[in-house]
Amino acid sequence: MATEQPNSTQLDTSFFGHPKGLMTLFFTEMWERMSYYGMRALLVLFMTASIQEEGLAITVASATAIYGLYTGAVYFMGLPGGWIADRLIGSQKAVWYGGIVIMCGHIVLAIPASWSFYIGLILVVLGTGLLKPNVGILVGQLYAADDQRRDAGYTIYYMGINIGSLIGYTICGWLQVNAGYHYAFGAAAIGMAIGLLQYRATINKLNGVGAVPLLKLSESGQKKSWGVIVAFLLGLAAITFCMMTGLLTINPVTLAQYVAIAITLVFLAYYAGVYIFGNLSPDEKRALGALFVVCLASIFFWSGFEQAGSSLNLFGRDYTERMIGTFEIPPAWFQSANSFFIITLSPFFAALWVNLGKRMITPSYGIKCAIGLVIMASGFIVMFFAAQVAASGLKAAPYFLVATYFLHTVGELCLSPVALAAVSKLSPKRFAGQMMGVFVLTYSIGNVTAGLLAGGLDPDNLSDMPNLFMGIGQITIAAALVAGLLSIKSGKWEKLAEKASFNKD
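Residues numbered from 1 in each chain as written. Predicted model: local features only at pLDDT ≥ 70, side-chain atom pairs only at ≥ 80, totals over all residues. Heavy atoms only, no water.

Trainee: Just to check I follow, could you spell out the packing of helix α1 (residues 21–48) against helix α2 (residues 60–76) for this structure?
Mentor: At a minimum axis separation of 8 Å, α1 and α2 run at an interaxial angle of 155°. Here α1 is positioned roughly antiparallel relative to α2, judged by the angle of their axes. Once α1 is placed against α2, the crossing between them reads as right-handed. Along its contact with α1, which presents Y36, M39, R40, L43, V44, M47 and T48, the element α2 presents V60, A63, T64, I66, Y67, Y70, T71 and V74. (Axes fitted to C-alpha atoms, helices over the stretch in contact; angles between N-to-C directions. Helix = DSSP H or I, 4+ residues; strand = E, 2+ residues; numbered from the N terminus. Parallel < 35°, antiparallel > 145°, perpendicular 65-115°, else oblique. Left-handed = near helix turned anticlockwise from the far one by under 90°. Contact = heavy atoms within 4.5 Å.)

Trainee: So what exactly am I meant to see when it comes to the packing of aromatic side chains here?
Mentor: Enumeration according to the criterion identifies 27 aromatic pairs in this entry. Where F15 meets F26, the ring centres are 6.0 Å apart and the plane angle is 55°; that geometry is what we call tilted. In this pair, F15 is assigned in the segment before α1 and F26 in helix α1, connecting sequence segments eleven residues apart. Overall, F15 belongs to the buried group, its relative accessible area being 9%. Since its relative accessible area comes to 10%, F26 is described here as buried. Pairwise contacts between aromatic rings join Y75, F301, W302, F305, F439 and Y443 into one cluster. (Phe/Tyr/Trp six-rings, centres within 6.5 Å; stacked < 30°, edge-to-face > 60°. Buried < 20%, exposed > 50% of the residue type's maximum accessible area, 1.4 Å probe, protein only.)

Trainee: What's the story with the pattern of salt bridges in this structure? I'm lost.
Mentor: Should their charged atoms come close, side chains of opposite charge can pair. Counted according to the given criterion, the structure contains eight salt bridges. Put simply, R286 and D283 hold a salt bridge, and the shortest N to O gap is 2.7 Å. Of this pair, R286 and D283 both sit in helix α10 (residues 282–305), three residues apart, roughly one helical turn. Overall, the relative accessible area of 30% leaves R286 in the partly exposed class. The partner of R317 in a salt bridge is D318, with the nearest N and O atoms 2.8 Å apart. Residue D318 is classed as partly exposed on the basis of its relative accessible area, which comes to 29%. Each member of the salt-bridge network shares a partner with another, and the members are E29, E32, R33 and K132. (Salt bridge = Lys/Arg side-chain N within 4 Å of Asp/Glu carboxyl O.)

Trainee: Would you take a moment to explain a nonpolar patch on the surface for this structure?
Mentor: A surface patch of nonpolar side chains, about 630 Å² in accessible area, is lined by I239, F241, M243, L247, L248, I250 and L255. Inspection of the secondary structure assignment puts L255 in helix α9 (residues 252–277). (Patch = residues over 30% accessible without salt bridge, like charges linked within 9 Å, V, L, I, M, F, W, Y side chains within 5 Å. Areas by Shrake-Rupley, 256 points an atom, 1.4 Å probe, with all protein chains shown as cover.)

Trainee: Honestly, the nonpolar core in this entry has me stumped. Any pointers?
Mentor: In summary, soluble globular proteins display a tendency toward joint burial of nonpolar side chains. Counting residues in each nonpolar core, the largest one holds 125 residues, and the members touching the most others are M39, Y70, L291 and F315. A total of 16 residues in this core trace back to one element, the largest contributor, which is α1. When sequence neighbours within four positions are dropped, the list of residues in contact with L291 reads Y271, A422, V423, L426, S427 and M435. L88, I89, A94 and I229 belong to the second-largest nonpolar core, a separate cluster that totals seven residues. (Core = buried A, V, L, I, M, F, W, Y, C linked by side-chain atoms within 4.5 Å.)

Trainee: Please explain the environment of I343 as it appears in this structure.
Mentor: With respect to the helices and strands, I343 occurs in helix α12 (residues 336–358). When the C-alpha atoms of I343 and K132 are compared, they prove to be 20 Å apart, with 211 residues separating the residues in sequence. Once residues lying within four places of it in the same chain are set aside, the contact partners of I343 are M159, N162, I163 and L166.

Just distances and angles here, no functional claims.
Structure, rendered in structure tokens:
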């Protein structure tokens, strides 16, 4: 049965003109992102480091494949995590229990033992799947449907994400160089613990929002659902045990390839199902066609952008000059450039789209995404020249990576918020939630693919490194051209869909 949510705190202006509950969610997400990005920045470095350096001594191809599987699984698990909150426990409990599981995962990662790494990763994936989507949902539920502060509230919330990631990169990156990987993983656990403590201490500020499921299942439905969840967890535990004891051997690269194909098939099947069997009007079908172009652009974008934690991360550690006088730049600090640029550039890009709109210049979603792809691809052209320096036996200057992250951030600001807006605007209203879930699958596909691409960085064959980065750039530019050409038609579909929606309203 449907459960009615508490009244919105429309008149509450306690937190910078916004509901006081936004403060709770801002700091919860900030500390969760501190722990997530701080740990994530070290994963590939830890896996490829030698045993003497406390690492796992895994090959680059296997390490980047595992990294891609991990980041892809984080996004994929957000789908069942959102469903569990909506149907079983409510968003508030999902955030709380998800945070606890994440903290436990980081604690396990901090244990210097051979068995701890994969168990820790699995726990972080499961916990993030519960916490991440539901924090974002709670932000929206703080506002009434007609509250004009909603977009600004999400902007503040998004700022918390980037401040948290900046803190994570800085602290965990420094600890990795000066104390060791396991101390850095432990710092991530402390960050999540701080987030949990402040969440519990200020949860009353949410005024009951998300305390109960939006559409609670019947008792029999709940029993069946919990049975499926328990069976899944037991199955996951059994597979993990078999892998740890050697009873089951899995090639990470092969697994990543099959997972990428499987998620892609799920994405296409669900999209086609909504399009064919969703009883859509012609205008809704056109809108869904336009959205498909955005989804394709998103897949290619994240396949390139997520090189940050894999191939670019390794390049920063092994092939970049990191000494400034007597100070050694921690490799993870290069990734913090993205968070810094996001924080500083976001207001300018928000103003850019508004000012273009005032001048009646409103590019289609497909064109905006194509622009984002081209700008991001230009970062790999920069890396092509950096890789040539490294292939010659020299260390590349750090400004190569900084320039690359700058271009990737500009591309992100062109594509990421635009893509989310496209999902919100072009999805059929009765399928809005489901289509957002389908769109999240593009992140999963992109992340797993990114890990597979990064496996081409072969330390024993540096002469191929320039070709790797140039190849990624060329593929991205080709995707941008395709998106741009398709948007000639899809742009017209967007306008027709918008006009139909306006007339209907």
